[in-house]
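# Residue-level structure breakdown
Listed below are the residues making up each chain.
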Amino acid sequence: MKKIAILGSTGSIGTQTLDVVRKNRDIEVLGISAGKNIIKLEEQVREFSPKLVAVWEESAAKELAARISDTCTKVVSGMKGLLELATMPETEILVTAIVGMIGIRPTIAAIREGKDIALANKETLVTAGHLIMPLAKECGVKILPVDSEHSAIFQAIHGEEKKEIQKLLITASGGPFRGKTKEELKHVTLEDTLKHPNWVMGQKITVDSATLVNKGLEVMEAKWLFDVDLDHIQVVVQPQSIIHSMVEFRDGAVMAQLGTPDMRLPIQYALYYPERRYLDGERLDFAKLSQITFQEPDMDTFLGLPMAMEASRKGGSMPTVFNAANELAVHKFLQKKIGFLDIYEIIGESMERHHVIEKPDLEEILTVEQETYQWIESRW
């Protein structure tokens, strides 16, 4: 039995990970976690019988403990609980499907304990890639990408030598507002923003897709995952979401990974790497596929991508500011406290006021995050 734990089991990636577990008989879920969704957690506890469940909010943890008192599952809470889950002795793989920088400490702890990481938490590498990747190498741990784009690149370079890679081509759907002007974006609503044309995702990542911040985060993450500088990473809009990403090699050959937009594929690939297993679901029918089209991203209108690349080039603590500002701005947008274009303004102003810390340690990263939050709250 392959033994796993999941950080963020009630979200989009977490629930699809559990769907993969259902379809395979040789994965045991030893630990799960969530912020406060105890109804969903109770359902998961009763179905998968994990040894440990971590709940971020202490009051929710107490309520869950009462609800599942007839089971053998232990309930823990807060960061201490997440760290306990991340370092469970029996687990082989930690799936980091949690949203936000809250996932960094547990990921580092898991790596130090020799756990492979199925990585779906972008913030871990965006803000702390300079800490995570050397640590993973030192501990002999695999970082297995779960994002569809990074998984596509990971699959395309399998068996290839790094020195042969010329360029990474990260594809983007363009989101729900592809083709719209800045003037039109002034009037879009939250409901419009959450209608992604291709993918079923959580609310935060769906908004990030609409602003192209998500693609910027993926570029920043790819830099660390594949040790490629920004000058050799290109974003290409592929509206049908059929090509999930590509790699161009020195000889001009381009390897692409294609498939229907189903997140279970990269999740399952990460859990069983390097083995491929049968996965049910829709298949591409090339006889019926009329066309696959490409466009350049509109970086004059959708500022999330160019601002992310600017933050990555400045390096140090700037990616943390970019990520934290976006995280809080999206939170405010989801609460309908700000407009769509205000997200860009909050990110831009936060970056403009920040003085970069070169090679920040974990405590400095978390301090910068909090300072960014505090400044935004005082301003907005």
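Residues numbered from 1 in each chain as written. Predicted model: local features only at pLDDT ≥ 70, side-chain atom pairs only at ≥ 80, totals over all residues. Heavy atoms only, no water.

## Overview of the overall build of the protein
Helix and strand counts for the protein stand at 16 helices and 11 strands. Here the protein has a C-alpha radius of gyration of 20 Å; the compact-globule value for 380 residues is 21 Å, and the two agree. If one aligns the C-alpha atoms of the protein with their principal axes, the spans along those axes are about 55 × 55 × 40 Å. Considering only contacts in the protein between residues 6 or more positions apart, those separated by 24 or more positions represent 69%. (Helix = DSSP H or I, 4+ residues; strand = E, 2+ residues; numbered from the N terminus. Rg over C-alpha atoms; globule rule 2.2 N^0.38 Å. Contact = heavy atoms within 4.5 Å.)

## Structural notes on the sheet that holds strand β8 (residues 165–172)
On the basis of which strands lie adjacent, the open sheet formed by four strands has the order β9-β8-β10-β11 and mixed pairing. Edge positions in the sheet fall to β9 (233–237) and β11 (254–258), since each has one partner strand and no second. The mean inter-strand angle of the sheet, taken between neighbouring strand axes irrespective of direction, is 20°. With five bridges joining them, strand β10 (residues 243–249) and β11 adopt antiparallel strand pairing. Bridged to M246 within β11 is A256. (Pairing = 2+ DSSP bridges. Axes fitted to C-alpha atoms, helices over the stretch in contact; angles between N-to-C directions.)

## Considering the nonpolar core
With 117 residues, the main nonpolar core has I4, I143, L168, F226, L271 and F322 as its most contacted residues. Broken down by element, this core gets its largest block of residues, nine residues, from helix α14 (residues 318–334). Filtering out sequence-adjacent residues up to four positions away, L271 remains in contact with K2, I4, T17, V20, I27, I93 and V95. (Core = buried A, V, L, I, M, F, W, Y, C linked by side-chain atoms within 4.5 Å. Buried < 20%, exposed > 50% of the residue type's maximum accessible area, 1.4 Å probe, protein only.)

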